[in-house]
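Commentary on secondary and tertiary structure
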Amino acid sequence: MSVSDARAALPAVELSARWRTLALLVPLLLLDGLVFLVPMGYLLRLSFAERTSGGAFVESSWSLAGYEYVVETPLVHEIFAFTLGFAVLVTALAVAIGVTYAYAVWLASGPWRTVLLGGAICSLFTTVVVKLFAVVLVFSPRGVLNEFLTGVGALSDPVLLVDNLAGAVIAQLYIVVPYAILTVYAVLTTLDDSLVEAAQDLGANRPAVFREVVLPHVRPGVAVAAIISFTWSVGAYPAPLLVGSGSEQTTAILVSQLLLTEFDWPAAAALSVITVAVVLTTLLAGLWRLDDGGEILE
């Protein structure tokens, strides 16, 4: 009996498409369980531990003290409100910059498109510390921008753009804008050029084409860019800490202080759980606005 005959004699085991898909998803589900569900489960359990001044937390205890701290402490309310406002501001600016830049890339051709797109992609290969150092070099009172503006006479004195809210926002934009650009551009590449040409043939100028044709088409990309920018900014830590002043405290900075300085792990865990809940709620709301075809529901 030949090998082919032996193979033909074996019963054929055919998996349905549903089971094949499930088999492919198993490694991803296991990875998600190990790197997300297990740590989040421990974080959730830690948030219900008893607070103590003699250590990080009371072993095997159950308490709502961590959540009571979050609810009853005015400073936490102020920091949480600032974090949400900071995230909304960064998200709005990131989406506006991302849409404008992506549209410019789409309009460009040849080497200009490569240069513009390469600039956004290369930024992703730069570490956060290098990006924040670049912010300081460019926007500090003796940085490149101020030196140029004062040199040409546009400014009489340098403008303080670091060590304040402006610096924290600019630094966070350095982090999230490349993702917004690429997300919007990925959707924009699916736009049929004939639609733009038809609008122009009917008398629409460039701003009208952008408003009536381009923007409706890229709404799914805008939604995803907004979700990414908001979730990253809610958990902003290095940008407000290193480029902002001491007043620009976010929940991530407060969690770090509770963990490493005050050793109040239940309170830090409770604040972290609430922050993650806000992020997941935003994500689910954004996904709910998207139907199966990728269009935003009206």
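Computed from a predicted structure; not experimentally measured.

**Considerations on the pattern of salt bridges**
Per the counting criterion, the structure on display carries two salt bridges. Measuring nitrogen to oxygen at the nearest pair gives 2.5 Å for the salt bridge that ties arginine 51 to aspartate 264. In this pair, arginine 51 is assigned in the loop between α2 (17-47) and α3 (65-72) and aspartate 264 in the loop between α13 (251-260) and α14 (265-288), connecting sequence segments 213 residues apart. Its relative accessible area of 31% is what places arginine 51 among the partly exposed residues. Between arginine 211 and glutamate 212 there is a salt bridge, and its shortest N-O distance comes to 3.3 Å. Accessibility expressed as a relative area gives 53% for glutamate 212, which makes it exposed.

**As for the side chain of threonine 251**
By secondary structure assignment, the location of threonine 251 is in helix α13. For threonine 251, a relative accessible area of 3% translates into the label buried.

**Here's the deal with the UniProt feature "domain: ABC transmembrane type-1" (unreviewed entry) in the protein**
UniProt tags residues 80-286 as "domain: ABC transmembrane type-1" (unreviewed entry). Secondary structure across residues 80-286 divides into 77% helix and 0% strand, with the first and last C-alpha atoms of the span separated by 21 Å.

**Observations regarding the UniProt feature "transmembrane region" (unreviewed entry) in the protein**
Residues annotated by UniProt as "transmembrane region" (unreviewed entry) correspond here to residues 21-44, 79-103, 115-139, 165-188, 221-243 and 263-288. Helix makes up 100% of residues 165-188 and strand 0%. Its end C-alpha atoms lie 32 Å apart. Counted over residues 221-243, helix gives 83% and strand 0%. Its end C-alpha atoms are 29 Å apart.

**Looking at α14**
Structurally, the α-helix is built with 3.6 residues per turn, so residues lying three or four positions apart point the same way. Taking 1.5 Å as the rise per residue, α14 with 24 residues should run 34 Å; its terminal C-alpha atoms sit 34 Å apart, in good agreement. Within α14, the full set of buried residues consists of Pro266, Ala267, Ala268, Ala269, Ala270, Leu271, Ser272, Val273, Thr275, Val279 and Gly286.

**Points about the nonpolar core**
Counting 21 residues, the largest nonpolar core has Phe86, Val90, Val135, Phe139, Ala171, Leu173 and Val243 as the members making the most contacts within it. Of all the secondary-structure elements, those providing two or more residues to this core are α4 (74-107), α6 (128-139) and α8 (165-188). A total of nine residues in this core trace back to one element, the largest contributor, which is α8. Not counting residues within four places of it along the chain, the set of residues in contact with valine 243 comprises Leu132, Val135, Val162, Asp163, Asn164, Gly167, Ala168, Ala171 and Pro238. If you look at the next biggest cluster of nonpolar residues, it comprises 18 residues, including Val95, Tyr185, Val196 and Val214.

Calculation rules
Residues numbered from 1 in each chain as written. Predicted model: local features only at pLDDT ≥ 70, side-chain atom pairs only at ≥ 80, totals over all residues. Heavy atoms only, no water. Salt bridge = Lys/Arg side-chain N within 4 Å of Asp/Glu carboxyl O. Helix = DSSP H or I, 4+ residues; strand = E, 2+ residues; numbered from the N terminus. Buried < 20%, exposed > 50% of the residue type's maximum accessible area, 1.4 Å probe, protein only. UniProt positions renumbered as here; feature names shortened; annotations may be inferred. Expected span 1.5 Å × (residues − 1). Core = buried A, V, L, I, M, F, W, Y, C linked by side-chain atoms within 4.5 Å. Contact = heavy atoms within 4.5 Å.

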